[in-house]
Amino acid sequence: ILYPVPKGFKAKAAALVAWMESRGCKGLSRVKIRVGAHSGVWLQKDIKINWRREEPILEVAAETWIVTSPDVEDAELELAWRLLQERLQGASSDFEPYVDFLWSLDLDAHPYFWEESQLRWLSGVPAALDRTVELRETVAKRVKELVARAQKPGAAPASSGALADVVSLEAEARRALCLVESRAMMAETEPPRAALVPILDHMQHDPSGDRSVLCGLFEGREDFGCPIVITTSETLKPGMELRHEFEGLGDTELFARYGIVTQPKTNAYASVVLPVRLNKSLEELDQTADTKMKLDMLAERADIDLRNGAQAMLELPKDYFARGRLMPLARFLRCELKGLPGMSKEDACGALFEFYFAGCDIEGVQPLSKLPLPLEGVESQLEEEARVIAWDWCNKATQGYDKSSARMKKFTDVAIKKLVPKEAKSTVLQVGDIVQAHFKAKGPDGQPAKSRTPKEAKVIAMSGDTISVRFTSNSVRHEVPVAWVSPGAADDESTTDELSEVERAETMQGLKRVFLSLALVSAHEDIVDEIRVRCSNFVRLYNVLQKVEGEKWEGFMEDLRQMWSNDVEMVWQHENNASARYVETYGADGFGTH
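These numbers come from a predicted model, not from an experiment.

Undergrad: What is the right way to look at empty space enclosed by the protein in this model?
TA: To find leftover empty space, one rolls a probe the size of a water molecule over the atoms. Under the counting rule described, the total for this entry stands at three cavities of 30 Å³ or more. Estimates place the volume of the second largest cavity at around 50 Å³. Surrounding the second largest cavity, E76, A80, Y112, V139, R142, L177, V180 and E181 form its lining. Listed by contribution, the elements that provide at least two residues to the lining of the second largest cavity are α2 (75–89), α4 (126–150) and α5 (166–183). Each residue belonging to the lining of the second largest cavity can be placed in one class, and the counts come to five nonpolar, no polar and three charged.

Undergrad: What is the right way to look at the side chain of K458 in this model?
TA: With respect to the element layout, K458 can be found in strand β16 (residues 455–463). According to the relative accessible area criterion, K458 is buried, its value standing at 10%. Looking at K458, its side chain comes within polar contact range of the side chain of D402, at 2.2 Å. Sequence-distant contacts of K458, defined by excluding residues within four places in its chain, comprise D402, S405, G432, D433, I434, S468, V469 and R470.

Undergrad: I would appreciate a short explanation of the pattern of salt bridges in the present structure.
TA: Where side chains of opposite charge bring their charged atoms close, a pairing between them can arise. Taken as a whole and judged by the stated rule, the model has 36 salt bridges. Residue K345 pairs with D290 through a salt bridge whose shortest N-O separation is 3.3 Å. In this pair, K345 sits in helix α10 (residues 345–356) while D290 sits in helix α8 (residues 289–301), placing the two residues 55 residues apart along the sequence. By relative accessible area, K345 is classed as partly exposed at 40%. The partner of D526 in a salt bridge is R477, and the shortest N-O contact between them spans 2.6 Å.

Undergrad: Hey, could you run me through the sheet that holds strand β1 (residues 31–34) in this one?
TA: Strand pairing in a sheet relies on backbone hydrogen bonds. The paired strands run either parallel or antiparallel. Ordered in space as β1-β2-β10-β7, the four strands form an open sheet in which the pairing is mixed. In this open sheet, the two strands that pair with only one neighbour each are β1 and β7 (204–205). Across four bridges, the pairing between β1 and strand β2 (residues 40–43) is antiparallel. Following the sheet pairing, V31 is matched in β2 by L43.

Undergrad: Sorry if this is basic, but what is going on with the packing of aromatic side chains here?
TA: For any pair of aromatic rings, the description consists of the separation of the ring centres together with the inter-plane angle of the planes. Counted by the stated rule, this structure contains twelve aromatic pairs. Measuring from ring centre to ring centre gives 6.3 Å for W19 and Y98, while their planes differ by 25°; the resulting arrangement is stacked. Here the residue W19 occupies a position in helix α1 (residues 9–22), and Y98 occupies one in helix α3 (residues 96–103), the gap between them amounting to 79 residues. On the basis of relative accessible area, Y98 is assigned to the buried category, the value being 0%. Where F332 meets F357, the ring centres are 6.0 Å apart and the plane angle is 75°; that geometry is what we call edge-to-face.

Definitions and cut-offs
Residues numbered from 1 in each chain as written. Predicted model: local features only at pLDDT ≥ 70, side-chain atom pairs only at ≥ 80, totals over all residues. Heavy atoms only, no water. 1 Å grid on protein atoms, 1.4 Å probe; cavity = no way out; pocket = protein on both sides within 12 Å on 5 of 7 lines; lining within 4 Å. Points joined across faces, edges and corners; volume = space filled by probe spheres on them. Helix = DSSP H or I, 4+ residues; strand = E, 2+ residues; numbered from the N terminus. Nonpolar A, V, L, I, M, F, W, Y, C, P; charged D, E, K, R; others polar. Buried < 20%, exposed > 50% of the residue type's maximum accessible area, 1.4 Å probe, protein only. Polar contact = N/O pair within 3.5 Å; in protein donor to acceptor, adjacent residues only side chain to side chain. Contact = heavy atoms within 4.5 Å. Salt bridge = Lys/Arg side-chain N within 4 Å of Asp/Glu carboxyl O. Pairing = 2+ DSSP bridges. Phe/Tyr/Trp six-rings, centres within 6.5 Å; stacked < 30°, edge-to-face > 60°.

So, in structure tokens, the structure goes:
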């Protein structure tokens, strides 16, 4: 409903393909260009080719590229100006089929076009809000520069209708900038050059880190103006979608620059900014000399400044994993500062810092392989207290996500009430909805089974036939089949009057943007909530151990050992995977290979 195929698209796509073939492109009959809900580039279903590893799929000749000259300082701005010039030339442009196709694409959801009031939806994800505002300010300056250029005598055809209306010209310039930001490719030349490459620019992002499609220069040619060959690094089948990796980015940057968000647990480069500050359990320690010494050392050596009530930023999941700072920070703050006989407080603080931050990406700290499980006494209590601190930081972040989701849900409730027939409203589920969901109970055979009765829960994420919910009563998160979830009470209010075409278009536009925002919040919450639950589970088991004895104690202790072991293996597996991806992408010496 939100992304219908625009009228006349088939004709525009056919004109683009015919134009590309006339300019020397090869293999276009093997692929299909799609827009709408399944926008992207797909292999034709009826092709009869035995796809093999690194077999060429198609070549996009340089004669079809819109490209900057090699002597410009701001490649993106110059490419946008070049694209705007081609647009203003209309049918007289040599690139008219390509430009006409680009201007038919739906860019409504991209943050470059949002209303100022809609930015409030991002209040729960401040890093995304700050980055989006930063890019919008840059775009506003560039729009003024492009408009000024276009209005100079001889800069564009006098017959261009856009020149008669500054507002329209600004809209054209903003669209050109958005197309360049979200679809252009950059060549690592000196200075950098930018190009819009048809077909390649229409492929969707592959965030997996395992490239199924590689895009590179024609074999034996190293100059920038040669054709691009798209190859596959895995077996592809007819009818499959072709995706390639734009850049190794988290969802915050993908959202702000490309106007996209990945599905939960699919982005190998997922990252979330986690705000941390001294919480209530540490406030009484804030004024002690020992704590001040710790805070000074954290600011100087770990780039974490919590002095005078300041807020620092960590990056998840990176800072939870093997070389991260989240748990070392919590342990360091909670541990009592003691030294060996004759050791000064300063030396004791330094030794404690080096012990807990061993293995982190911090200069001057010697690596430590793995922390042992704190089995009893002071060590286990310290770990429990540190997990409570980390849980509190994660919990505050999820509260912010909840507030943002609630704000967006108010908008979607009103919008859907306008757009969706009353009899269908009770079946529409969204991220942020409060629902009745069955949970995974223990079945007769010991395997997870559907509970007898549902409980109130909040929808956290939706993917295919599965919904992630967090239950209100205990904050436990489950992934359950869609059939296990039912919406709240049906809306009994009468439907509103029929919308005009303008009102309907504005409502649909708002829904595209709010759903993108909800997906961003969900992607953030998915990461933070997993770490919050891991901390919560450790604290729960630790507290149970303090109340049981004998065989029960041994049983729960084994559960705790297993939990600790799984946690350690998970963080080190991530470290190994990240290192492997780095070498594959950049080479062992750190220089680019793709």
